[in-house]
Structure formats: C-alpha cells, structure tokens
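Close look at the chain arrangement
Single-letter residue listing:
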Amino acid sequence: MNRNLPRSFLFGLALLLAAGSQPASAQDIRGLEVCTAEKQMDRRTSCLQSNVEFLQQTLNKLAHDTQDKMVATDRDLAAARAEITALKSTVDKLNTELAQLKAKSDASGKK
C-alpha cells in the first residue's frame, strides 16, 4: 500500500476537526430586529411579526425583480430569434445568387 495514504488521511481528518471546532457565525440581515433581547412575550411576538413582514416584503420585491428580468430576457430572446430568422433568409438568398452566378460561369466557360 501507499505509505502517504494514512498520512494524508490523518491530515484531512485534522483539518476537518479544526474547521468543525470553530463556532459558526450568524449571518446578519439588514432590517431584521433581534427579538431574543425582548423579555415580554407580547413585545417579542410583535418583533417576530415585524421580522416576518419585512422578510415577506423583501421576498415579494425579489420575486418582482426576478419576474422583470425574465420578461426582459424573453424579449431579448424573441428579438434574437427574429434576427436569426432574418439572417437565415439572407444566407439562403445569397446562396441562391451564388449558385446562379456559378451556373452562368459554367455556361459561359463551356461555350
């Protein structure tokens, strides 16, 4: 067996243990209140309700922004498809003209 395998395994295990022993930091969300500081239950409930309302408003705003981006992307896609169709017809027209020119060239060369 490879002698380095146990050493690398132990090193990886040590890294995992070191990373796991650090406390996880909480992510702050701007606009949310810390409700655990409230001692009275009605104030804590009010705080939690305001946090829920804030999160719902933020979620609705993000959903609206995402919908707007999707509509803009759909418009861009439709414009690109129309442009592709126009380019295909131009290429077909040019290919037809090229074939006609080759036919004329072959006919005049045979005479």
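See the structure shown above.
Now for a quick tour of the structure. Nothing here was measured: the structure is a model prediction, and the numbers come from that model.

What the protein contains, in helices and strands, is 2 helices and 0 strands. By residue count, 3% of the 111 residues in the protein fall in the buried class. With the model as given, the accessible surface of the protein reaches about 10,500 Å², and the carbon-plus-sulfur share is 60%.

Counting through the fold element by element, Asn51 comes out in helix H2 (residues 41-110). In contact with Asn51, not counting residues within four places along its chain, are Leu32, Glu33 and Cys35.

Let us look at the pattern of salt bridges. As a working rule, side chains carrying opposite charge can pair if their charged atoms are close by. For the structure on display, the rule yields 1 salt bridge. With a shortest N-O distance of 3.1 Å, Lys61 and Asp65 are connected by a salt bridge. With Lys61 and Asp65 both in helix H2 and 4 residues apart, the pair spans about one turn of that helix. Take Asp65: its relative accessible area is 27%, and that puts it in the partly exposed class.

Basis of the calculations
Residues numbered from 1 in each chain as written. Predicted model: local features only at pLDDT ≥ 70, side-chain atom pairs only at ≥ 80, totals over all residues. Heavy atoms only, no water. Helix = DSSP H or I, 4+ residues; strand = E, 2+ residues; numbered from the N terminus. Buried < 20%, exposed > 50% of the residue type's maximum accessible area, 1.4 Å probe, protein only. Areas by Shrake-Rupley, 256 points an atom, 1.4 Å probe, with all protein chains shown as cover. Contact = heavy atoms within 4.5 Å. Salt bridge = Lys/Arg side-chain N within 4 Å of Asp/Glu carboxyl O.

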